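# Structure at a glance
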Amino acid sequence: MKAAARRRLALGFLLGPAYGWLALTVLLPLAAMFYFSFLTVAPVGGRIAEPTLRHYAAFFDKGFYQTLTWRSLKLGFDVTVLCILLGFPAALALAKYVSGRWREALFLLVVLPFWSNALVRTFSWTTVLRDDGFLDRAIRVLWPDAEPLGLLFSYPAIVIGLVHAYLPYMILTCYISLQAIDDSLIEAARSLGASSLQLFLRVVVPLSLPGILGGVLLIFVPVIGSFMEPRILGGRTGIMLGTVIEDQFTAVFNWPLGAALSFIMLGIVLVIFALATPLLRRRLSGI
Amino acid sequence: MSAVEVSHAVKRFGAVAALHDVSVDFADGEFFGLLGPSGSGKTTLLRAIAGFFELDAGDIRIGGVPVGDRPVHRREIGMVFQNYALFPHLTVRDNIGFGLAVRGRPRSEIDAEVKRMLALVQLSGLEARKPRQLSGGQQQRVALARALVTRPRVLLLDEPLGALDKRLRQEMQVELKQIQRRIGITTIFVTHDQEEALTLSDRIAILNEGRILQIGRPAEVYERPETAFAASFLGDANFLDGRVLDRGSVAVEGLGRIPVAGALPEAGATVRLAVRPEKFAIEPAGAGNANDANRIAGVVRGAIYSGTSITYRVELRAPAAGGEARTLTVFRQNLAAEPLAIGTAVELSWSSANTILLRS
Amino acid sequence: MTGGSAWGKWTVRGYLLLTLLFLYLPIVVMTLMAFNRSPLYQLPFEFDFVWFRALAGNDRLIQAGLNSVGLAAANMVVATGIGTLAAIALDRYRIRGKALLQILLFPPITIPWLIIGTSMLIFFFWIGIGRGLHAMLLGHVALSLPYVIVVVGARLKGGSHQLEEAAATLGATPWQAFWRVSLPVMAPGVVAAGLFAFAVSFDQFVISYFLAPPGVSTLPVEIYAAIRKGFTPEINAISALIILVSMGLMLVFARLYRFGGER
C-alpha cells in the first residue's frame, strides 16, 4: 500500500533526526556510563578494564558516601520545603489577588530570572553574601557595630542560592494549578459558609496539590545533583554528592567511580519518583 | 457548474463503516442538503466528494468525469468549513485571493476578482482586515467568497451556519440562497438542523448510520417520510401501530378503523402509521365539527405555550394494546386567547390525507 | 479571591512584591556594582565603565564569549530545525507510541545535568568524539530539543491541519499549502523556540563544563574558573552583561510567544 509506506517515510524523516539525536546524546551515553560503572578503570588511552562491582561496593562500605548522600538529600529537602513555603503564597497572590495586565507583567517578572544564566545568578549571591558585601553593609546601616555575618561559604548560603534559583519553578507550577481553580468554586464554598481558613485548607490546597507536587519533583531532583552552587556558595563546606561526582571526572579521573555514584544518585531519584507516583495518582484522581 | 454523481460509495474507518453503499445524484445547479444526526455519515460523504480520502468502494463523478484518482487540489471544488478555516496571517484580500494566487494569476486580476467577490457578499471595504478583526458573520462571508472566487464546479458547505446565533443564522440563510441562485453553482451542504435543511434545500437526503434513508424535495420528505426515523428526525410524529383490515384501511387498537391511502400490504399484516402533531384539529368535546373522518376522544394532560403555537399532550380515552394510556402530541396554532385547560375533554380529528404510511 | 478582607488582599500582594525583591536583589546589586569604580564594593558609588573597558582587553573572556555566541547560534539553527520537524510529526500524525515518544522528551529536563554531562563525557571519549565545541553542540541541542518541541507543539495546536485542508480545496498543492499557509502560521512559534534554544545554549554551564577541553571554553565556564580562582570585578561586569542579554532574550521570547498573530 503506497499510502502506508509514504506515511512511514514521512514519520521517519520528521521524527528521525530529533529522536536519533536524543538517542545518541542522552540514551547511549547513559548506557555507556552504566557500563563504565562496572569497570575497574576507564578503558581509554590504551588502558584495559576488568569488570568489577567495587565502585558500587564502595558506596555501601564507606560511610563517607552515605553521609554525603544524606547531606544531599537533606539539602534537597530543605530547599524544596522552603520553595513551597515561600513560593506557594506568591503563586496564590499572582493567581487570585492580581489581575489583568498586572498579572501578566508580574508573572513575566517572576519567571524572567529563572530563564537567565544560572551560574551568573549564583555568582550574584556571592556579591551579596560575602563579608562586607551588600548584606553586611545593609545591616550595618541599622546596626553600625555588627560583625560580618559570614554567610558566604556556609550551608545556609547554599540553601539561599538554590532556593533563589528554583523558587520561580515552584511559583510557576503552583500558579498553573491555582489559576485553574475556578472562581465559582470559591464562591460556592463561601456560599456554603466556609471561612477563609476552611476555604484555604479544604478547597485551595487540595486542588493545587498537583502543582505543588510537580514543583517538588522538578526541584528536588536537580538540587540533589547540584555541584555548582555548593562549590561557589559553600566553598569547603559545600561538599555534596554532586561535587564528589564532579571531582571524579575533573580532578581525580576515576570515571568508573563517578559513573557508579551517578547511577546510585539516579537510582535514588527513580525510587523517589516511584514512591511519589502512587501518591500523585491518588491525589490527582480526584481532580 | 456541474452535476455530481456518487454511486455505491463505501468507506470504513477501522472497524466502523461510515458509508454503506451510498448512492445519490446531485443535479447541476441544485442546492442539496445532507441531513442527519452525528455519525450519520453526512460529513464523511461531503469530505469524500471533496477528496480528503479515497473510497473503499464505489465512485464519484463531477461533471460526468470520475475523480477518484484526483487529489483535493485538482477537483475544482470550493469548500466552506464549520469554523471557516480562514488563514489568520493573511488579510481578507489575500484570503479571498488565495485560490487565484496559487494558480499564478496576475495581481491585477486577483484584486479585481476580490473586489467583485466582496461586493457579492456585501463586505466591500474590508480588504485590509485580518480574520481576527472580523465578527463571526463577516468571517463566514469571507469564507464563502474565498471558496467561490475560483469559480469551482461544486460548492461544499460543512455546517456553515452552525457557529452563528439565531438571528444571524436566519439572515445568512436568506443571503446564501440568494447568492447560490445568482451564481447557479451546484451546492451540497451538511447540517443537523432540520429547519435549516427545509428552508435552504431544493432537495434533501436524510442519512443515518452511513446509509441514505430518503431523498426528495423538502415538502415530499416532510409530508411523506418513508421511515419512522425520517418521520421523527424531520419534524415530530405520533406513531400508531395497527393491522391491515382491507384494501384501504387499518385497524388501530382503541381507535377503530383508520382509512389509509397508498399501497397497503396484505390483510392481517402489521403496519406503522404516523400523523404529525400539526395536522390535528383539537376542539372541546361536544363542539360538534363533523368534517373530518377520523375522530378520537381524549383529555388534555399538558399544554406548553410557545407564543405562536401551543403544544398539547392529549391522553386518549381508548388505551393502546396492552392497556397503557396512549398520548398524542398536538400542535395548535395560537388562534384563541386562552389555551385549553388541563383536564378538558377534547375531540381530535384529522384528514385521512395526513395519515402517513411508513415503510419501516 | 472573592470575599475576604481588603487588608488581607494587600498583605498578600505585599508578599508578592517581597518575593520579587528577593528574586531580583542579587542581580540588581551585582549589576550596579559592575558600574562602580571601586574594585571592592567600597561605597560611595561612583559610576564608571572601567570594568567593562577591562573586559575589552581580556582576550580569554572575549574568545569564550565568541564561542558562546557561535555555539548558541548553531544550537538555535539545529535544535529549532529538527525540533520543529518532530513537533509537526507529533501534531499531525496519529502514532501508536505517541505517549512513549513524549515521555522520551523528559530525560534531558528531569535527569540532573551533572549526570547527563558526565555521561556524555564518557561516551564521547569512548567513541572518539572527544571534547570540544562540536561535543558541546551535541549536548546543547539535546537539551534544547524538548523545549523546542513543546513550544512549537503548543503553537501548532491551533489546528493548522484544517488550514491546509482549506488551502487544498482552493487548489494549492501540498507544497504550496505548506509554504504559503502552514509555515507562516507556525513561524512565530518557531522563532520563539529558536530564541529559547539560543538562550538555553548561551546560559548552559554544566554540560559545557564537562565537555570543554583545556583552551576552549564558553563564557559560563570561563566565569566559573575565574570565580574559583578569586573574585575580580571583571567577572562582575561580564556577569552583568550576560544576565542583561539573557533576560532581554527572554523578554522578546515572551512577547513573541504570546502575541504571535493568532486569532
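Residues numbered from 1 in each chain as written. Chains lettered and ligands numbered in written order. Predicted model: local features only at pLDDT ≥ 70, side-chain atom pairs only at ≥ 80, totals over all residues. Heavy atoms only, no water.

### Comments concerning the overall build of chain A
In terms of helices and strands, chain A carries twelve helices and zero strands. Written out in order from the N terminus, the α and β elements of chain A read α-α-α-α-α-α-α-α-α-α-α-α. Put simply, chain A has 287 residues, and 49% of those count as buried. Within chain A, residue pairs in contact and separated by at least 24 positions form 66% of the contacts whose partners lie at least 6 positions apart. Roughly 13,600 Å² of accessible area belongs to chain A as shown, and the carbon and sulfur atoms make up 69% of that amount. The positive charge centre, built from 23 side chains, and the negative charge centre, built from 15, are 13 Å apart in chain A. (Helix = DSSP H or I, 4+ residues; strand = E, 2+ residues; numbered from the N terminus. Buried < 20%, exposed > 50% of the residue type's maximum accessible area, 1.4 Å probe, protein only. Contact = heavy atoms within 4.5 Å. Areas by Shrake-Rupley, 256 points an atom, 1.4 Å probe, with all protein chains shown as cover. Lys, Arg positive; Asp, Glu negative; His and termini not counted. Charge placed at Lys NZ, Arg CZ, Asp CG, Glu CD.)

### Focus: the interface of chain C and chain A
With 83 residues of chain C at the contact, the number on the chain A side is 84 residues. Together, the buried faces of chain C and chain A total about 7,900 Å²; carbon and sulfur atoms form 80% of this surface. Linking chain C with chain A are zero salt bridges, by the criterion used here. Where chain C touches chain A, the interface holds nine residue pairs in polar contact (both at pLDDT 80 or more). Broken down by element, the residue count for the side of chain C that touches chain A peaks at 15 residues, all from helix α1 (residues 6–34) of chain C. Residues that form the side of chain C that touches chain A fall into these classes: 65 nonpolar, twelve polar and six charged. (Buried area = accessible area lost by both parts, 1.4 Å probe. Salt bridge = Lys/Arg side-chain N within 4 Å of Asp/Glu carboxyl O. Polar contact = N/O pair within 3.5 Å; in protein donor to acceptor, adjacent residues only side chain to side chain. Nonpolar A, V, L, I, M, F, W, Y, C, P; charged D, E, K, R; others polar.)

### Overview of the interface of chain B and chain C
Taken together, the contacts link 22 residues of chain B with 20 residues of chain C. For the pairing of chain B and chain C, the buried interface totals around 2,000 Å² over both sides, and the portion due to carbon and sulfur atoms is 64%. On the surface where chain B and chain C come into contact, there are one salt bridge. Of the charged contacts in the structure, one is a salt bridge between R47(B) and E165(C), with a shortest N-O distance of 2.7 Å.

### Some words on a nonpolar patch on the surface
A contiguous nonpolar patch, built from L24(A), L28(A), Y35(A), W126(C) and I127(C) and spanning about 450 Å² of accessible area, is present on the exposed surface. Considering every element that reaches the nonpolar patch, the biggest residue donor is helix α1 (residues 2–36) of chain A, with three residues. Along the polypeptide, I127(C) turns up in the loop between α6 (113–126) and α7 (133–156). For I127(C), a relative accessible area of 43% translates into the label partly exposed. (Patch = residues over 30% accessible without salt bridge, like charges linked within 9 Å, V, L, I, M, F, W, Y side chains within 5 Å.)

### Overview of the sheet that holds strand β3 (residues 31–35) of chain B
All names here are of chain B. What the six strands build is an open sheet, ordered β6-β7-β8-β3-β9-β10; its pairing is mixed. Across the chains shown, the open sheet's two edge strands, defined by having one partner strand only, are β6 (77–80) and β10 (211–216). Between one strand and the next, the sheet's axes are offset by a mean angle of 20°, whatever the strand orientation. As defined by bridge partners, β6 adjoins strand β7 (residues 154–158) across four bridges and the pair is classed as parallel. If you follow G78 over to β7, its bridge partner there is L155. (Pairing = 2+ DSSP bridges. Axes fitted to C-alpha atoms, helices over the stretch in contact; angles between N-to-C directions.)

### A look at the packing of aromatic side chains
Under the definition given, this model contains 32 aromatic pairs over all chains. Between F205(C) and Y224(C), the aromatic rings sit 4.8 Å apart at their centres with planes inclined by 50°, giving tilted as the arrangement. With F205(C) in the loop between α9 (174–203) and α10 (206–211) and Y224(C) in helix α11 (residues 219–229), this pair connects stretches of sequence that are 19 residues apart. By relative accessible area, which is 3% here, Y224(C) ends up buried. Members of the aromatic cluster, connected to one another through ring pairs, are F227(A), F249(A), W255(A), F125(C), F205(C), Y209(C), F210(C) and Y224(C). R276(B) extends its terminal NZ or CZ atom over the ring of Y222(B), reaching a point 4.1 Å from the ring centre. (Phe/Tyr/Trp six-rings, centres within 6.5 Å; stacked < 30°, edge-to-face > 60°. Lys NZ or Arg CZ within 6 Å of the ring centre and 35° of its normal.)

### Looking at the state of the cysteines
All names here are of chain A. Summed over the entire model, instances satisfying the criterion amount to zero disulfides over all chains. Not engaged in a disulfide, the cysteine C83 finds its nearest cysteine sulfur in C174; these two sulfurs lie 9.8 Å apart. Assessed through its relative accessible area of 0%, C174 is described here as buried. (Disulfide = S-S within 2.5 Å.)

### Observations regarding helix α7 (residues 155–179) of chain A
All names here are of chain A. In this model, α7 (25 residues) spans 35 Å end to end at C-alpha, consistent with the 36 Å of a helix rising 1.5 Å per residue. Y166 marks the point of greatest bend in α7, at about 40°, and the proline P168 comes within the next four residues. Counting buried residues along α7, 19 of its 25 residues qualify, which places the element largely inside the surrounding structure. (Expected span 1.5 Å × (residues − 1). Bend = angle between axes of the 7 residues up to and from the residue.)

### Overview of the pairing of strand β18 (residues 327–333) of chain B
In the case of a regular strand, side chains alternate between the two sheet surfaces. Residue and element names in this part refer to chain B. Burial along β18 is one-sided: L328, V330 and R332 are buried, and none of T327, T329, F331 and Q333, which face the opposite way, are. Across seven bridges, strand β17 (residues 309–316) lies against β18 in antiparallel orientation. Bridge pairing links V314 to L328 in β18.

### Let's talk about the side chain of E164(C)
Residue and element names in this part refer to chain C. With respect to the element layout, E164 can be found in helix α8 (residues 160–169). We classify E164 as buried; its relative accessible area is 16%. In this structure the side chain of E164 is engaged in a polar contact, spanning 2.3 Å, whose partner is the side chain of S182. The contact partners of E164, leaving out residues within four places of it in the chain, are R92, A177, F178 and S182.

### Quick word on the nonpolar core
One finds L15(A), V79(A) and F205(C) to be the most contacted residues of the largest nonpolar core, which totals 170 residues. The greatest single-element share of this core, amounting to 14 residues, is contributed by α7(A). Beyond its immediate chain neighbours, meaning those up to four positions away, F205(C) contacts L119(A), F227(A), M228(A), P220(C), V221(C) and Y224(C). (Core = buried A, V, L, I, M, F, W, Y, C linked by side-chain atoms within 4.5 Å.)

### Re the domain arrangement of chain B
How big an interface is tends to be stated in terms of the accessible area lost upon association of its parts. Residues and elements named next belong to chain B. Taken domain by domain, chain B comprises domain 1 (2–233) and domain 2 (238–357). Computed from C-alpha atoms alone, the centre-to-centre distance between domain 1 and domain 2 is 40 Å. Contact residues are listed per partner, giving nine residues for domain 1 and nine residues for domain 2. Where domain 1 abuts domain 2, roughly 700 Å² becomes buried across the two surfaces, and 42% of that area is made up of carbon and sulfur atoms. Between the two partners, domain 1 and domain 2, sit one salt bridge. The residue K279 makes a salt bridge to E223 at a minimum N-O spacing of 3.0 Å. Linking domain 1 to domain 2 there are five residue pairs in polar contact (both at pLDDT 80 or more). Every element with two or more residues in the side of domain 1 that touches domain 2 is listed here: α7 (218–223) and α8 (228–233). The dominant element in the side of domain 1 that touches domain 2, judged by the number of residues it contributes, is α8, at four residues. Tallied by class, residues from the side of domain 1 that touches domain 2 come to six nonpolar, one polar and two charged. (Domains from an automatic or database assignment.)

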